Structures are given as structure tokens and as C-alpha cells.
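Given next are the chains, with one letter for each unit.
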Amino acid sequence: MASHVERVKALFGQLRTLEGQSSTLQERRELMHKLKIELTNFTTLPPSVEVPDPKECILAREIYEYAVFQSIEEQDIKSFERNYATLNFYYKELKDVLPESSKKNSVLGLYLLYLLSQNKISEFHVELQSIPSSEHGNIYINVPVSLEQYFVDGNYSKVLATKKAPLEAYNFFIEKFIDTVRTEIARSAEVSYKQLSLKDACEVFMIDNVDQLRAFVEHEANYNEEMGESSSVSWVLEDGYLKFISTKKIMYQVLEYAQELQKIA
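No experiment lies behind these values; they were computed from the predicted model shown. The residue numbering used here restarts from 1 in each chain and proceeds along that chain's sequence as written. Whole-chain, interface and lining totals are the exception, using all residues; otherwise, since this is a predicted model, local features are given only for residues with pLDDT of at least 70 and side-chain atom pairs are given and counted only at 80 or more. With hydrogens and water excluded, all non-hydrogen atoms of the structure serve as input to the side-chain values.

Draft legend 1. Main features of the overall build of the protein. A count of helical and extended segments in the protein gives 12 helices and three strands. Counting only residues that meet the buried cut, the protein has 39% of its 265 residues in that class. In this description, contact between two residues means that some pair of their heavy atoms is separated by no more than 4.5 Å. Look at the contacts in the protein between residues 6 or more apart in sequence, and 60% of them connect residues 24 or more apart. Accessibility throughout is a Shrake-Rupley quantity obtained with a 1.4 Å probe, and a residue counts as covered only by protein chains that appear here. As presented, the protein carries roughly 15600 Å² of accessible surface, and 50% of it is formed by carbon and sulfur atoms. Labels follow the DSSP assignment, with helices taken as runs of H or I lasting at least four residues and strands as runs of E lasting at least two, numbered in each case from the N terminus. When accessible area is computed with a 1.4 Å probe and restricted to protein chains, residues below 20% of their type maximum are described as buried, those above 50% as exposed, and intermediate ones as partly exposed.

Draft legend 2. A look at the packing of aromatic side chains. Here a pair means two rings of Phe, Tyr or Trp (six-membered ring of Trp) with centres within 6.5 Å. Their orientation is stacked below 30 degrees between planes, edge-to-face above 60, and tilted elsewhere. Within this structure, the stated rule accounts for 13 aromatic pairs. When the centroid spacing of 6.5 Å and the interplanar angle of 25 degrees are considered together, the rings of phenylalanine 80 and tyrosine 111 count as stacked. With phenylalanine 80 in helix H4 (residues 77-93) and tyrosine 111 in helix H5 (residues 104-117), this pair connects stretches of sequence that are 31 residues apart. One exposure class covers both phenylalanine 80 and tyrosine 111, and it is buried. Members of the aromatic cluster, joined through ring pairs, are Phe80, Tyr84, Tyr111, Tyr114, Phe172 and Phe173.

Structural data, given as C-alpha cells:
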């Protein structure tokens, strides 16, 4: 009779045969849910006080490594945060018990990109300091390290020119970080220009076409509204131009409109 570890390993193998197919994402989501339930039957996993069984812990670690990347495929940042928090315990607290995972640097690189994309710069540096400096040149770690350095140096063109990533999942957070950089460019442009032609705006933001520019402007407006934040820049695509309207100007327009309404009343 197969042991529980072997049964979980078989279920995990079933999930992995479906990877790389977007049509199977829902099925993989359900299998991952089953796997996490099965892991609760492992007797030596954290927070158990028993001596960790390497077979159980290594398999659990592999499953959570897979879960981290699957959450990106699902574009579920909350799920990513939960999966990484669990996985990070295996990396840090069981490092003297388990052999190092071959996927560790790829996961850490992804997490560093997440911190950049969320503008959690302090946490980014804390996490980076926990990674040996000898690993900073690693193909996975180097991506977020370079992007952060470009950003600090104000070399936005290099950030926006970042096209290639060692893993497809990295592009999810790279794109979010690039949107952050574009917002910083907009704040600078708002000081220098009242408006930009759509062609010039696409060049400044390194956006391929007007449709993408419009989508970015709308995304920023919706994001600020959802987060309950007020942006220092209001962007309007009008008459073939991207126009910047400062919040101060908007405030005056609202007051002026209110005064006109009072006159009518």
C-alpha cells in the first residue's frame, strides 16, 4: 500500500502534467487546493514539534514553490503573498535540515520584483540583505537588483526598455513596476509640459501605440480610485494630446463651478 507521501507525490505529478496550458488553470487550481489539504496530514510539517521528515518537508516545499508561480498565472497577488510566506519558512527556518532547493533563487527573484512593483523599497532592501552578495549576480536575483538600481539612478529609459526576463512569471511584476516608473515620468512631465502630442507621449512613456497609452491612463485613474488615493497628476487624452492637469487646477475648477451653481440658485 502506497504511503501518504507517495500518494501526495502522485497527485502533485498529476497537476504538473497539466502545467503550461491556460485551459487547465481551473483544474490545476482545484488540484492545488486538494494538495494543500493533503499536506495537513503530514505529521512533521511546521508548526509541528516533531523532528522534520525530509521527505515530507521537501515535497511540501516543492508544492508551495509551484503554488507561488501558479498564483502569478492566476494573477492573484494575495495568493502569491500567502504562498510565499509559507514557502519562506522552509527556506529560512529549515535551511539546516533540508538541502537547498534548485528553485530558491528564481522564487526570491520573483519576490523581490513583487516588492518593487508594490513600491515596498525598504522591504526590498531588507530582503536583499538576507541574500548572500555572491548571489546578487545570479540570473534571477540580478533582474530586480538591476531594475531597482536603474530606478534609484533615475535611469527610467533602462527600466522601460527591460523586455527579457529569465521566466515568464517575472513579466507580471515587471509590467507593474514599469507602470510605477511611467507614473513617475508623468509627474516630471507635468512640471515641464502642459500637454504632449499623443505621438510624443508614446515615445516619452515608451508605449507602442495610442490604444496602449489610453489603457495605461485609464488603469492609473481606476487604480487610484480603488485605492482611495489622489494622484498629483490628472491625465486627459483630448484633441490629439495627452494633457496634464494638476490637482490644484482641478480644485480651482471645482470651486469655480460651485460658485457658478450658487449664482444660478
